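# What the coordinates show
Here are the chains, one letter per residue:
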Amino acid sequence: MSAPGAPSAALQRLRLRTELRKARIKAGLTQREVAQKMEWSPSKLIRIEAGEVGISVNDLRPLLTAYDITDRRKIETLLDLARGSRKMPFTEFRDIYSKEFLQYLALESSASIIRNFNPLVVPGLLQTEEYARAVMSSYSQGMSEELMDRYIEGRLARQDLLQGDEGSQLFFVIDESVVRRQVGGRGVMRTQLERLAELAAGPRVSIQILPFSVGAHPGMQGPFTLFEFEAEEMPDSIYLENPRGDSYLSNSPEETGRYLESFWELEDAAVKDDVDTLLLRLAGRLGEGRDDLVSLLAETE
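Model, not experiment: these values are computed from the prediction.

Cut-offs and rules
- Residues numbered from 1 in each chain as written.
- Predicted model: local features only at pLDDT ≥ 70, side-chain atom pairs only at ≥ 80, totals over all residues.
- Heavy atoms only, no water.
- Helix = DSSP H or I, 4+ residues; strand = E, 2+ residues; numbered from the N terminus.
- Polar contact = N/O pair within 3.5 Å; in protein donor to acceptor, adjacent residues only side chain to side chain.
- Contact = heavy atoms within 4.5 Å.
- Axes fitted to C-alpha atoms, helices over the stretch in contact; angles between N-to-C directions.
- Parallel < 35°, antiparallel > 145°, perpendicular 65-115°, else oblique.
- Left-handed = near helix turned anticlockwise from the far one by under 90°.
- Nonpolar A, V, L, I, M, F, W, Y, C, P; charged D, E, K, R; others polar.
- Buried < 20%, exposed > 50% of the residue type's maximum accessible area, 1.4 Å probe, protein only.
- Pairing = 2+ DSSP bridges.

With that out of the way, let us pick up the side chain of histidine 217. In this structure, histidine 217 sits in the loop between β3 (205-210) and β4 (224-228). Reaching out from histidine 217, the side chain makes a polar contact with the backbone nitrogen of glycine 219 at a distance of 3.0 Å. Here histidine 217 is in contact with Phe117, Asp175, Leu210 and Leu266, once residues within four sequence places are set aside.

The following block contains the structure:
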């Protein structure tokens, strides 16, 4: 494990790939030209610059020479980043996760602020095991129990991020349909609502509910996640995923800025006061066999 206060392996790899790409461009070299100089396959450099793989110190030294980097302090900084970035999070799940989602997990584990909007289901970071299994079972018909267990294991491992009173700040806006839809049945949903209430009462997690009465809103285009980082050289990133499983990741300031404004607009329209109490009341009504959740949400407006 990293020492307290030390940058995560994921963040160090992200910083290193950014610095290497900037150095290559400053040197006026294409990826193909660098690959030829290093006697690498072009795909190796592409994967290093994409953050998909790390780079050994032995490979990095001649690469920095190819980029005409001679400043000792700069070289040692980059070598330290290479040493610290070798062990990426969740690599033990490479057998089930795509490289795009592993990159998402690297961002998730390194961000200082995470903002997520979801109009359909409880976000993965907040799901109970039973709720997660019910969701996955609904769209993964034919999946073996063993593979299902692996996915559930990975999802629960991500939730280590929520432990403790210190760490990243997490902001969630979820649609009213998310807390009303009885995924997995009354018992499963009640436990899930109680878990959301517990998290919402804590110091690092903000959960807001967007009521149906808001009408059309910016989040109707689909779920999205914004990542912000303490390190100035790390740009904010936006991650989008559609129901087919296609994903899109961008750190374009124009795109991240647009989605940040949308998220703030969703927050302004959402129920934000005493959400933990509201969620517990919803859970209680489910336990009583009642479905009049609409009237309860209406009471908050």
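The structure having been displayed, the exposition proceeds.
Helix-helix packing is characterised by the crossing angle of the two axes and by the distance between the axes. Between helix α4 (residues 57-66) and helix α5 (residues 72-84), whose axes approach to 10 Å, the crossing angle comes to 150°. As judged from the angle between their axes, α4 and α5 are roughly antiparallel. The way α4 lies across α5 gives a crossing that is right-handed. Facing Val57, Leu60, Arg61 and Leu64 of α4, the residues of α5 in contact are Ile75, Leu78, Leu79, Ala82 and Arg83. When its residues are assigned to classes, the contact of α4 with α5 shows 7 nonpolar, no polar and 2 charged.

Moving on, we come to the environment of leucine 120. Mapping leucine 120 onto the fold places it in the loop between β1 (113-118) and α7 (129-139). Expressed as a C-alpha distance, the spacing of leucine 120 and isoleucine 174, which sit 54 residues apart in the sequence, is 7.9 Å. Contact partners of leucine 120, with chain neighbours within four places excluded, come to Val178 and Arg181.

The next point concerns the pairing of strand β5 (residues 237-241). Within β5, 4 of the 5 residues are buried, leaving the element largely enclosed by the surrounding structure. Sheet topology places β4 next to β5; 4 bridges connect them, and they run antiparallel. Within β5, the position partnered with phenylalanine 224 by the bridge is leucine 240. Pairing of β5 with strand β6 (residues 247-250), which is carried by 4 bridges, proceeds in the antiparallel orientation. The residue of β6 that forms the bridge with leucine 240 is tyrosine 248.

Bringing unusual backbone geometry into the picture now. The phi dihedral of glutamate 39 is positive, around 60°, even though this residue is not glycine. Inspection of the secondary structure puts glutamate 39 in the loop between α2 (31-38) and α3 (42-49). The residue aspartate 68 is not glycine, and still its phi comes out positive at about 60°.

Pairing is mixed in the open sheet, where 6 strands are placed in the order β3-β2-β1-β4-β5-β6. Both outer strands of the open sheet, β3 and β6, are each paired with one neighbouring strand and no more. Each neighbouring strand pair of the sheet contributes to a mean axis angle of 10°, computed without reference to strand direction.

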